Amino acid sequence: MKRFVIKEFLHIFRDTRSMIILFGMPLVQVLLFGFAITNEVKDVKVSVVDPAQDEVTTAIRNSLFSSAYFLKGEILYSQNEIEESFRKGKNKMVVVFENDFAGKLGRGEKPSIQLIADASDPNTANLVVNYANGIINNHFQTLYTNPGLPVVVPEVRMMYNPALAGVYMFVPGIITVLLMLVSAMMTSISIAREKELGTMEVLLVSPLKPIQIVAGKVLPYVLLSFINAVSILLLSYFVFGVPVNGSVVLLLAESILFIVLALSLGILISTVSNNQQTAMMLSMFALMLPTILLSGFIFPVENMPDILQWLSALMPPRWFIQIIKSIMLKGTGLAYFWKETLILIAMTIVFILVSVKKFKIRLA
Amino acid sequence: MNSAAYAIEAQNLVKRFGSFTANDNLSFFVKKGEIFGFLGANGAGKTTAIRILCGLSKPTSGKISVAGFNVFTQAEKIKQRIGYMSQRFSLYEDLTVAENFRFYGGIYGMSRDQIRQKTEEMLGKLNIAELRDTIIASLPLGIRQKLAFSVAIMHSPEIVFLDEPTGGVDPITRRQFWEMIYQAAASGITVFVTTHYMDEAEYCHRISIMVDGRIEALGTPAELKAVHHALSMNDVFIKLARKAVNKE
Amino acid sequence: MGTSEYAIECASISKSYGKVKALQELSFSVKKGEIFGFIGPDGAGKTTLFRILTTLLLPDTGTALVDGLDVVKDYKALRRILGYMPGRFSLYQDLTVEENLQFFAGIFQADIRENYYLIRDIYEQIAPFAKRKAGKLSGGMKQKLALSCALIHKPVVLVLDEPTTGVDAVSRREFWEMLIRLKNDGITIVVATPYMDEATLCDRVALIQHGRILATDTPQAITNAFPWQLFEVKSTDTLNMINLLKQHPEVHNADMFGETVHVSVKPGRISADDLFSYLQEHGHLQSEIIQGNPGIEDCFIDLMRMTNE
């Protein structure tokens, strides 16, 4: 058993390809996603619906457009026109002022500003809205220092993606994808490689029990995947300032749970593939794509058609993403996601049982 | 066309990989229509030399021509005029007999009619015309090897390279295979063959034995046995190969 | 430890893959402490048989006992006492010689020092390359390492599937020398080979073709049972001579054997002189004919022809 684990480590450390997948990929992925997601807003086209056209709304418009962030788009008049302009991609955000804006403000009422953003690109939408919010708040604070006056809080509405995945959503997503990839793909490939090279034959004709072979394969990857998860967290914290609001210990514990789950999935895949290529293809199509597409990493689950929502309920990454999102972004504790955790535990047990059961003690 | 008497002329062929010399100054000539046995222990440098002669790899130095073409500058022309078969890769297992013929004939630019005619001719010779639409994978190894050889010579190459063509084949098929080799040689095709079966070495017109990247012996089987005071080619081979210094 | 005198007992083992009958009603037994060879071409069923013996495959019918243990029921116990070298090189190419040996000792929970005496002669030849990766070894060296790894837990029965295929004549000879030493250490060895000449190195052999055993016996007994008289003929135009000889009414068959042609005839019907004059009449003036002794390959060819007919 000990020898087996040592051997696995030797395989991994001697294979440049494995090393790249293990350690190069997290780095590249995090940096890629991190930088590809625009953290800066510049020259974003913003249109305006301003039936009042009074001095207050004009002033707000001026401070919006005098910033380097926004470019003046069209002046719109109706709801239909807003839809139309978004669909044509003419702007990223529309600022809607209420009728008789200055008048209401003068009467001590709270006139409303609505910020409608195109959230099909949720990160940009979020940023744009935040900037606009900031500018508007700033505008009111500097102009109306009188505390008696009501502060106008813009009402924000996200089009096309009302739930709005957060800017930092990519970190939980990447952790999930990478843990899935590294754990499942690497184990399934490494078992399939033994079959392909014929070494599995020799292992089978030895006193090793299936559970020992499985454990020997899994242990090194639990450790490496864990190191991976930690390094992604560190990277995103130091390079992009993504915080972990909740308990780090809990986060790591949940990660280990997910790693074990992914590994048992990898073993399951290897029981049905006889060579590395099949294992790779299966991991790609059976794990990677659903992880990316159905887990809510890129497309919010809530917006999916029912069938896909049910499908996504079967995807372990979906639950894991929810869990780490809660811990990292919301800072909540186990009380809020014990259900998700139980689902993951149940899935893990099923996968382990099935894969040990399916692990063949003979050839063919 | 190559009008010289030799199908292969190799003078001072040297191939180095870094500091390792795989082929150390090989010189040999293979006559047209000759069956030339190319023997050597594992790792003696046979595969490297065959790759060079087939135009797949460039030698470090030397003056080498195959079918009258220079291996340095005319590798593509060489490939057109040779056939190749190895124990490992020969035919596409998931294609039928006829499809394999069609594919390889096509590679060498044979016309449809030529291919059809050759296919019938070759299958007729092997007495297996009825197998033309059979998937290769379902045929016994012996027949596959014979088919692979037929495919390798269907475009009437000047030289055919056979890399351990009879490995693992039953003794009757092995002999039938050698009869095919004799027939090919009689029709003017030069045969360059490697084998681990020492009795097969006796079937060759001439043999070279490589040890540690050098040709240690070259001649007819009878000559070699006489020179090395041996009763069989096996003895000759063992006497020479045991001398190997760097067996690694 | 089994108490019978047999290390392996097989009774009507059959195995099919779909329509292909890989093994048909195979029965044989291997005595303790002998080298038992399965001689036959690729596709004869040797690998399938060996996988059944090593508990890797289940037979469709029949029973097989190895050291008294059933290959189906007692597979766990059997896996402790088997040494197995598959046909393909099946060590870890990216591990060094040393690491491979340690690994295999580890999974069998064997003590390298305790069993080193078994592999000393073999391992010392590769020990200078202990730090080299297994993938970078030459064919002969890989063979030796694989054998060392299969032996390190001191198996009762050693199963070797074509250990000498693709290996040159020198390495083959060395490999057989090692097997004979292991036999003297008391290990029962079952070995498969396509090389007919290796049969004489075994205590007993089974000639196998198309999933059937053609004959089982000592090499000597098999060649003694050769039903024909054999002549070795040498001449210049071999192909032509073979065809000529086959046309002779008393000749059963004629096959190339190296530089000679082996001619089998019904015993006592014609002499070497008769053949000589027959050849001379047909233009082979310079032939050389001697009485020959059949080898395993002669027997194999003959048995193959008999079953094919």
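These figures come from a predicted structure and were not determined experimentally. (Residues numbered from 1 in each chain as written. Chains lettered and ligands numbered in written order. Predicted model: local features only at pLDDT ≥ 70, side-chain atom pairs only at ≥ 80, totals over all residues. Heavy atoms only, no water.)

Let's shift gears to the pattern of salt bridges. Under the definition given, this model contains 39 salt bridges over all chains. Put simply, R107 of chain A and D100 of chain A hold a salt bridge, and the shortest N to O gap is 3.1 Å. For D100 of chain A, a relative accessible area of 35% translates into the label partly exposed. In this structure, K225 of chain B and E259 of chain C form a salt bridge, with 2.8 Å as the shortest nitrogen-oxygen distance. A residue pair is termed interchain when its members come from two chains, as with K225 of chain B in helix α8 (residues 221-227) and E259 of chain C in the loop between β12 (251-257) and β13 (260-265). (Salt bridge = Lys/Arg side-chain N within 4 Å of Asp/Glu carboxyl O. Buried < 20%, exposed > 50% of the residue type's maximum accessible area, 1.4 Å probe, protein only. Helix = DSSP H or I, 4+ residues; strand = E, 2+ residues; numbered from the N terminus.)

On to helix α6 (residues 171-186) of chain B. Residues and elements named next belong to chain B. With 16 residues, α6 should reach 22 Å at 1.5 Å per residue; the first-to-last C-alpha distance of 23 Å fits that figure. Most of α6 is tucked away, with 12 of its 16 residues classed as buried. The opening residue of α6, the one whose side-chain oxygen lies 3.0 Å from the backbone nitrogen of I172, is D170. Looking one or two residues past α6, G188 carries a phi angle of roughly 105°, positive in sign. (Expected span 1.5 Å × (residues − 1). Polar contact = N/O pair within 3.5 Å; in protein donor to acceptor, adjacent residues only side chain to side chain.)

Next up on the list: the interface of chain B and chain C. Facing the 29 residues of chain B at the interface are 32 residues of chain C. Between chain B and chain C lies a buried interface of about 2,800 Å² when both sides are counted; carbon and sulfur atoms form 58% of it. Taken together, chain B and chain C are joined by 3 salt bridges. In this assembly, chain B and chain C are joined by 7 residue pairs in polar contact (both at pLDDT 80 or more). Of all the secondary structure elements, the ones that give two or more residues to the side of chain B that touches chain C are α6 and α9 (233-241) of chain B. The element that contributes the greatest number of residues to the side of chain B that touches chain C is α6 of chain B, accounting for 7 residues. Of the residues that constitute the side of chain B that touches chain C, the class distribution is 12 nonpolar, 6 polar and 11 charged. (Contact = heavy atoms within 4.5 Å. Buried area = accessible area lost by both parts, 1.4 Å probe. Nonpolar A, V, L, I, M, F, W, Y, C, P; charged D, E, K, R; others polar.)

By the definition in use, this model includes 5 cavities of 30 Å³ or more. The space that makes up the second largest cavity amounts to roughly 110 Å³. In terms of lining residues, the second largest cavity is bounded by 15 residues, among which V202 of chain A together with Y84, F104, C149 and A150 of chain C are the most central. Elements supplying a minimum of two residues to the lining of the second largest cavity: β6 (82-85) and α5 (139-151) of chain C. The element that contributes the greatest number of residues to the lining of the second largest cavity is β6 of chain C, accounting for 4 residues. Of the residues that constitute the lining of the second largest cavity, the class distribution is 12 nonpolar, 3 polar and no charged. (1 Å grid on protein atoms, 1.4 Å probe; cavity = no way out; pocket = protein on both sides within 12 Å on 5 of 7 lines; lining within 4 Å. Points joined across faces, edges and corners; volume = space filled by probe spheres on them.)

We now examine the interface of chain A and chain C. Counting residues at the interface gives 24 residues for chain A and 30 residues for chain C. Taking both partners together, chain A and chain C bury about 2,700 Å²; carbon and sulfur atoms supply 62% of that area. For the interface between chain A and chain C, the tally reads 2 salt bridges. Note that R51 of chain C is salt-bridged to E201 of chain A, the shortest N-O span being 3.0 Å. Seen at the junction of chain A and chain C, the total is 9 residue pairs in polar contact (both at pLDDT 80 or more). Every element with two or more residues in the side of chain A that touches chain C is listed here: α1 (2-14), α7 (170-197) and α8 (199-204) of chain A. When residues of the side of chain A that touches chain C are assigned to their parent elements, the largest contribution, 6 residues, is made by α1 of chain A. Of the residues that constitute the side of chain A that touches chain C, the class distribution is 12 nonpolar, 4 polar and 8 charged.

A word on the packing of helix α10 (residues 248-272) of chain A against helix α11 (residues 276-294) of chain A. Between two packed helices, the angle of one axis relative to the other and the distance separating the axes together describe the packing. All names here are of chain A. Packing of α10 against α11 leaves a shortest axis separation of 9 Å and a crossing angle of 130°. Between α10 and α11, the angle falls in the class oblique. The two elements α10 and α11 meet at a crossing, and its hand is right-handed. Every residue of α11 that contacts α10 at L265, I269 and V272 is listed here: A279, L282, S283 and L287. (Axes fitted to C-alpha atoms, helices over the stretch in contact; angles between N-to-C directions. Parallel < 35°, antiparallel > 145°, perpendicular 65-115°, else oblique. Left-handed = near helix turned anticlockwise from the far one by under 90°.)

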